[in-house]
Amino acid sequence: MGTLEHIIAEHPFCSSFAAEHCKLVAGCARNVRFEAGSYLARENDPADTFFLLRSGKVAIETSSPSGRPLVVGTLGAGDIVGASWLVPPYRWIFDARAAGPVRAIVLDATCMRAKCEADHDLGYAMMKQFVPTVVSRLQAARLQTLDMYGVA
Amino acid sequence: MAFAPAPAPGSFTPSLAKVTAKRSEIGDVVTLDLETPPGSMEHARPGQFNMLYAFGVGEVAISISGNANGRLEHTIRAVGAVSQALADLEPGTSIGIRGPFGAGWPVGTQTDKNKDIVIVAGGLGLAPLRPVVRDILAHRDRYGRVFILVGSRNPEAILYDEELRDWRKRFDLEVEVTVDYAGRGWRGNVGAVTCLIGNAGFDPESSVAMVCGPEIMMRFVAGALVDAGMPDHRIHLSMERNMKCAVGLCGRCQFGPTFICKDGPVMSYDTLRPLLAIGEL
């Protein structure tokens, strides 16, 4: 097994994938590093990638009503960054900024979409991982909007 | 200051307590240090509360947020007439105090011995849990790993930030803080406090959880702990209701078949789960 395949197979997001699926994913992947403050993705840019985080912290940002950057979530090792590549029109909704040095696997979204279309078992495995992640993030985002601590 | 003898626990007669210090915490939150009659508070357990009486204004239930070396601490958010009157007090003034009341956290008992401890606090919910952390640190060998997970609205609203920093420096505590939103200056986590639970790394089979915060937060945190594999009876929540008598007579704090002042405020999730599902309670 190649190094990249091994890293992908070890990543929590892909740990349930069959070996042949890890190999297919690795064909769309490469290792990347980001310095603190650099961007993995920018709002409104084409969502032509997504990331498996290996180390470091990524801040999910948007602009506050005052125009200043507002961090609405952070992600760390073992997390994925980016779900917009799955849904047309394939555009990033938020900025993703490296809050410190970040190591990640970047996946080419066009390549992954093509492989998921060609191999529905891979597509299903991918969806089985993405849907719970997206749902749990939606639930957490709903809790954040409740402003719970305002009445604590 | 000369004190009258302490009334028996559960009495309706307040004792006199002197405000010896006052610290501004965050926003409209202050902590009062109180000097109380000898023998009246030494036995108070983490998680219990006192009824504090602002003379001429009224009485309110406030959790004990510290009780060591003769210093009784109460952290108060000024949200109503009584709590505002208490928050406005200055050192040297006096208040009435009744207590301690209620069931405390299962700390220092056979329930928690050698267990991992998972403390989850939201907003001001850290106040009743701070004595637990201090008690654990005073008897650190009794416990397994200790996780302190804190949620706050934003970085400026984090309670006891200096003490949290001290806890984070220790090698025998695992402390994570998350906020709902933040500017770029914040280097910590951003997200719901429930997100910290799955990544914490405690062993749900041998852990005891103590949770305090807004009720809706505690509901979701308890759900996340159960999802992580922790049994209901080892999850403890500190409930809050308006209290009047504090001894289970007036019924003001009735919560289903229980009285929060007497049966709580700390109760286990196996008791609370069916009650928390009833929105009208």
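The paragraphs below set out a description of the structure included in this document. Per chain, residues are indexed from 1 in the order of the written sequence. Both sets of labels track the order of writing: A upward for chains, 1 upward for ligands. The predicted origin of the model limits local features to residues at a pLDDT of at least 70 and limits the giving and counting of side-chain atom pairs to 80 or more, whereas totals for whole chains, interfaces and linings rest on all residues. Side-chain calculation: all heavy atoms of the structure are included, whereas hydrogens and water are not.

**Looking at the side chain of B:Asp180**
Within the secondary structure, B:Asp180 sits in the loop between strand E9 (174–179) and strand E10 (189–190). One buried charged side chain, B:Asp180, makes no salt bridge at all; its nearest oppositely charged neighbour is B:Arg153, positioned 6.6 Å away. Working rule for contacts: check all heavy atoms of both residues, and any pair within 4.5 Å makes them a contact. Not counting the four nearest positions on each side in its chain, B:Asp180 is found in contact with A:Val71, A:Val72, A:Gln144, A:Tyr149, B:Ser152, B:Arg153, B:Val190, B:Gly191 and B:Ala192. A run of H or I in DSSP becomes a helix once it reaches four residues, and a run of E becomes a strand once it reaches two; helices and strands are each numbered from the N terminus. Per-residue accessibility, obtained with a 1.4 Å probe over protein chains only, is compared with the maximum for each type, and a residue is labelled buried under 20%, exposed over 50%, and partly exposed between these values. Positive charges are assigned to Lys and Arg, negative charges to Asp and Glu, while His and the chain termini are left out of the count. The salt bridge definition used is simple: a Lys or Arg side-chain nitrogen within 4 Å of an Asp or Glu carboxyl oxygen.

**Regarding the environment of A:Tyr149**
By the secondary structure assignment, A:Tyr149 is in the segment after helix H4 (120–145). Note on A:Tyr149: relative accessible area 4%, which makes it buried. Distance in space between the C-alpha atoms of A:Tyr149 and A:Glu20 is 47 Å, their sequence separation being 129 residues. Setting aside residues no more than four positions away along its own chain, A:Tyr149 makes contact with B:Arg77, B:Gly122, B:Gly123, B:Gly151, B:Ser152, B:Arg153, B:Asp180, B:Val193, B:Pro214 and B:Met217.

**What about the interface of chain A and chain B?**
Facing the 21 residues of chain A at the interface are 25 residues of chain B. Buried area is calculated as the accessible area (1.4 Å probe) missing from two parts once they are joined, with the contributions of both summed. Buried surface at the junction of chain A and chain B, both sides included, amounts to about 2000 Å², of which 56% is carbon and sulfur. Between chain A and chain B we count two salt bridges in total. Pairs of N or O atoms are called polar contacts if they sit within 3.5 Å, as long as, within protein, a hydrogen donor faces a hydrogen acceptor (for residues adjacent in sequence, only side-chain-to-side-chain pairs). On the surface where chain A and chain B come into contact, there are eight residue pairs in polar contact (both at pLDDT 80 or more).

**Let's talk about the state of the cysteines**
In what follows, a disulfide is any cysteine sulfur pair within 2.5 Å. Applying the stated criterion across every chain yields a total of one disulfide over all chains. The disulfide bridge from A:Cys28 ends at A:Cys111, spanning 1.9 Å between sulfur atoms. Judged by the sign of its S-S torsion, about -70°, the bond between A:Cys28 and A:Cys111 is left-handed. Taken as a pair, A:Cys28 in the loop between helix H2 (19–26) and strand E1 (29–34) and A:Cys111 in helix H3 (residues 109–118) lie far apart in primary sequence, 83 residues in all. The cysteine A:Cys22 is free of any disulfide, with A:Cys14 supplying the nearest cysteine sulfur at 5.9 Å. Not engaged in a disulfide, the cysteine B:Cys253 finds its nearest cysteine sulfur in B:Cys261; these two sulfurs lie 3.6 Å apart. The buried category is assigned to B:Cys253, whose relative accessible area is 3%.

**Concerning the packing of aromatic side chains**
Working definition: rings of Phe, Tyr and Trp (its six-membered ring) pair if their centres are within 6.5 Å, and the pair is stacked with planes under 30 degrees apart, edge-to-face with planes over 60 apart, and tilted otherwise. In the structure shown here, the tally under the stated rule is 10 aromatic pairs over all chains. With centroids separated by 4.9 Å and ring planes inclined at 75°, the aromatic side chains of A:Phe13 and A:Phe130 adopt a geometry described as edge-to-face. Placement of the pair is A:Phe13 in the loop between helix H1 (3–10) and H2 and A:Phe130 in helix H4, with a sequence separation of 117 residues. Considered together, A:Phe13 and A:Phe130 belong to a single accessibility category, that of buried residues. Judged by centre distance (5.5 Å) and plane angle (75°), the rings of A:Phe50 and A:Phe130 are edge-to-face. Placement of the pair is A:Phe50 in strand E3 (residues 49–55) and A:Phe130 in helix H4, with a sequence separation of 80 residues. Here A:Phe50 and A:Phe130 have matching classes, each one buried. Among the aromatic residues, ring-to-ring pairing joins A:Phe13, A:Phe17, A:Phe50, A:Trp85 and A:Phe130 into one connected group. The criterion for a charge sitting over a ring is simple: Lys NZ or Arg CZ within 6 Å of the ring centre, and within 35 degrees of the ring normal. Looking at A:Arg113, its charged tip hangs above the ring of A:Tyr90, at a distance of 3.7 Å from the centre. When the ring centre of B:Tyr160 is taken as origin, the NZ or CZ atom of B:Arg130, which lies over that ring, is 3.8 Å away.

**Quick look at a nonpolar patch on the surface**
Note on patches: the residues involved have over 30% relative accessible area and no salt bridge, like charges join within 9 Å, and the nonpolar side chains Val, Leu, Ile, Met, Phe, Trp and Tyr join within 5 Å. Only the protein chains shown count as cover for residues, and all accessible areas are computed by the Shrake-Rupley method using a 1.4 Å probe. Together, A:Met127, A:Val131 and A:Val135 give the surface a local cluster of nonpolar side chains, amounting to about 230 Å² of exposed area. Mapped onto the elements of the fold, A:Val131 is located in helix H4.

**Considering helix H5 (residues 215–227) of chain B**
Multiplying one less than the number of residues by 1.5 Å gives the expected span of a helix. Over its 13 residues, H5(B) extends 18 Å from the first C-alpha to the last, a length consistent with the 18 Å expected when each residue adds 1.5 Å. Contacts from the buried residues of H5(B) go to strand E7 (116–122), helix H4 (194–200), strand E11 (207–212), strand E12 (235–238) and helix H7 (269–276) of chain B.

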